[in-house]
Amino acid sequence: MKYDLKSIMLRAWKNYRKYKELSFAECLHRAWITAKAESINAERIERAKAAAGVEEVTKTWSEWKKAGYEVIHGSKALFGTELIWGGGKGDGAIYKARFFGQSQVQEITA
């Protein structure tokens, strides 16, 4: 598998500037964890989505919020799966993510 080295370095520098308490080596290490986790997570999401028989567009609650939508109150997740946390302060830990479908969200109105 080929990795986008430019994006890994950009992520490392971004985290180094954001988290002053971390060394650049640690930020680079975490950027690599994130890059490796992305493909694994995408595969896990697709497997869980197929196992649940879901065909519509799905995202996590926070991904919908970033896209300008909110999950309708009372909606239950269509499926869930375990993913690898590789964010800025991530350490490769496993977390459970729940996914909601496009039919379960509405646009956020100001």
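Computed from a prediction, not measured in an experiment: that's the story for all the values here.

Visitor: Give me the lowdown on the packing of helix H1 (residues 5–18) against helix H2 (residues 24–52), citing residues and values where you can.
Guide: It is at 8 Å that the axes of H1 and H2 come closest, and there the two elements cross at 135°. In terms of axis orientation, H1 runs oblique to H2. When the axes of H1 and H2 are compared, the crossing they make is right-handed. Touching Leu5, Ile8, Met9, Arg11, Ala12, Trp13, Asn15 and Tyr16 of H1 are Phe24, Cys27, Leu28, Ala31, Trp32, Thr34, Ala35 and Glu38, all from H2. Counted by class, the contact of H1 with H2 contains twelve nonpolar, two polar and two charged residues.

Visitor: So, the nonpolar core: which residues are in play, and what are the values?
Guide: Ile45, Ala48, Val54, Phe79, Leu83, Ala97 and Phe99 together form the largest nonpolar core, which totals seven residues. Elements represented by at least two residues in this core include exactly H2, strand E3 (79–84) and strand E4 (94–101). With residues up to four places along the chain from it excluded, the contact list for Ile45 reads Phe79, Thr81, Leu83 and Phe99.

Each value, and the rule that gives it
Residues numbered from 1 in each chain as written. Predicted model: local features only at pLDDT ≥ 70, side-chain atom pairs only at ≥ 80, totals over all residues. Heavy atoms only, no water. Axes fitted to C-alpha atoms, helices over the stretch in contact; angles between N-to-C directions. Helix = DSSP H or I, 4+ residues; strand = E, 2+ residues; numbered from the N terminus. Parallel < 35°, antiparallel > 145°, perpendicular 65-115°, else oblique. Left-handed = near helix turned anticlockwise from the far one by under 90°. Contact = heavy atoms within 4.5 Å. Nonpolar A, V, L, I, M, F, W, Y, C, P; charged D, E, K, R; others polar. Core = buried A, V, L, I, M, F, W, Y, C linked by side-chain atoms within 4.5 Å. Buried < 20%, exposed > 50% of the residue type's maximum accessible area, 1.4 Å probe, protein only.

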